[in-house]
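Summary of the model geometry
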Amino acid sequence: MGSANQMRQLRAVYAGGVVAWTICLLLSLVGDDGTERQTVFLLGLLAVFLVLLLWSTWRLWEAGGHRPRDRAEDVATTPGEPV
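Note that the structure is predicted; figures quoted are calculated from it, not measured.

For the chain, the count of helices and strands is 2 helices and 0 strands. A total of 83 residues make up the chain; the buried ones form 18% of that total. Look at the contacts in the chain between residues 6 or more apart in sequence, and 68% of them connect residues 24 or more apart.

As C-alpha cells, then:
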C-alpha cells in the first residue's frame, strides 16, 4: 500500500514537471528570447518527464489491474463470515 502511494506521489511530480517544462518552452518560443540550444534543452527535459510520467502511470495501472481480483478472492475464501 505504501509503495502505491509513493508511486502516485512520484507520478504527480512527473506531471508537474511536464506542466512546468511545457510552460517554459511555450514562454521561450512566444517571447522570442530563447536560443536554439535552450529550446532543444527544454524539449529534451519535456521528453524525459513525459516518458517518466507514462512509465509511472503504466506501473500504477498494471499494479491496480491485479489487485481487485486478488481482494475478491480473499473475501470469497474468508471462513466464518456471512455472504
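Having seen the model, we can carry on.
Let us now look at the packing of aromatic side chains. Under the criterion given, the structure shown has 2 aromatic pairs. Seen in terms of ring centroids, Tyr-14 and Phe-49 are 6.3 Å apart; in terms of plane orientation they differ by 80°. Their pairing is edge-to-face. A residue pair is termed long-range when its members are at least 10 positions apart, and Tyr-14 in helix 1 (residues 2-31) and Phe-49 in helix 2 (residues 36-77) qualify at 35 residues.

A word on the nonpolar core. Nonpolar side chains in soluble globular proteins generally cluster together in the buried interior. Within the largest apolar cluster, 7 residues are counted, these being Tyr-14, Val-18, Leu-25, Leu-42, Leu-46, Phe-49 and Leu-53. The set of elements that each furnish at least two residues to this core consists of helix 1 and helix 2. In this view, Leu-42 contacts Trp-21, Cys-24, Leu-25 and Ser-28; residues no more than four positions away in its chain are not counted.

So, how was this worked out
- Residues numbered from 1 in each chain as written.
- Predicted model: local features only at pLDDT ≥ 70, side-chain atom pairs only at ≥ 80, totals over all residues.
- Heavy atoms only, no water.
- Helix = DSSP H or I, 4+ residues; strand = E, 2+ residues; numbered from the N terminus.
- Buried < 20%, exposed > 50% of the residue type's maximum accessible area, 1.4 Å probe, protein only.
- Contact = heavy atoms within 4.5 Å.
- Phe/Tyr/Trp six-rings, centres within 6.5 Å; stacked < 30°, edge-to-face > 60°.
- Core = buried A, V, L, I, M, F, W, Y, C linked by side-chain atoms within 4.5 Å.

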